[in-house]
Amino acid sequence: MNPFIQSFQKNKVGILFILIASISTASGQMFWKLSNGKWNVYLLLGFAFYFIGAALMIVAFRFGSLSVLHPLLSMGYVFALLLGVTFLNEQITIMHIIGTLLITGGAILIGGGDH
């Protein structure tokens, strides 16, 4: 079997957890933004989502190689961009698209980089 595929197979549970953790922490940061720095339900949701993301990171590292999983946290930048565009009406530029493609490509290459 291809070493690239083997790495994904070996780390698949950890990769899944780390991606969910990235989504959760990005969501937490979006809720912090929505709170406008005030104590309200958005701030509390932000803490909850960020905490869940941190806990999932801890779990993820039990199911894969640190050198593969930790760099995948950079997908949080992609998720934050998508959340900003979707829920905060932020504008996406060509540079955002290029950056997103580079991060995603790097995450795929790193995810298969155990060998």
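The paragraphs below set out a description of the structure included in this document. (Residues numbered from 1 in each chain as written. Predicted model: local features only at pLDDT ≥ 70, side-chain atom pairs only at ≥ 80, totals over all residues. Heavy atoms only, no water.)

Details of helix α5 (residues 94-111)
Here is the rule: Per the convention used, a helix needs a DSSP run of H or I reaching at least four residues, while a strand needs a run of E reaching at least two, with both numbered from the N terminus. What a helix should span is 1.5 Å times the count of its residues minus one. Think of it in three bands: residues with accessible area under 20% of the maximum for their type are buried, residues over 50% are exposed, and the middle band is partly exposed, with areas taken using a 1.4 Å probe on protein chains only. Arc definition: it is the arc formed by the directions from the helix axis to the C-beta atoms. Only heavy atoms enter the contact rule, under which two residues are in contact if any of them lie within 4.5 Å.
Relative to the 26 Å expected for 18 residues at 1.5 Å per residue, α5 spans 25 Å between its end C-alpha atoms, a close match to the ideal helical length. Within the span of α5, buried status applies to T100, A107 and G111. On an axial view of α5, the arc spanned by its buried residues comes to 30°, and they lie on one face. Facing away from the buried side of α5 by more than 90 degrees, the exposed set consists of I94, M95, L101, L102 and L109. Tucked inside the fold, the buried residues of α5 contact α1 (3-35), α3 (66-69) and α4 (75-87).

Observations regarding the packing of α1 against α4
How we decide: In this description, a line fitted to the C-alpha atoms serves as the axis of each element, helices being fitted only across the stretch in contact, and the angle between N-to-C directions of two axes falls anywhere from 0 to 180 degrees. For classification, angles of less than 35 degrees are called roughly parallel, those exceeding 145 degrees roughly antiparallel, those between 65 and 115 degrees roughly perpendicular, and all remaining angles oblique. Crossing handedness is defined as follows: a turn of the near helix away from the far one that is anticlockwise and smaller than a right angle gives a left-handed crossing, while the clockwise case is right-handed. The nonpolar class holds Ala, Val, Leu, Ile, Met, Phe, Trp, Tyr, Cys and Pro. Asp, Glu, Lys and Arg form the charged class, and all remaining residues, Gly among them, are polar.
Contact pair α1 / α4: the axes reach a minimum separation of 8 Å and the direction vectors enclose 45°. Judged on the interaxial angle alone, α4 and α1 are oblique. Crossing hand, α1 versus α4: right-handed. Contacts between α1 and α4 pair L19, S22, I23, A26, S27 and M30 from the former with M75, G76, F79, A80, L83 and F87 from the latter. Of the residues that constitute the contact of α1 with α4, the class distribution is 9 nonpolar, 3 polar and no charged.

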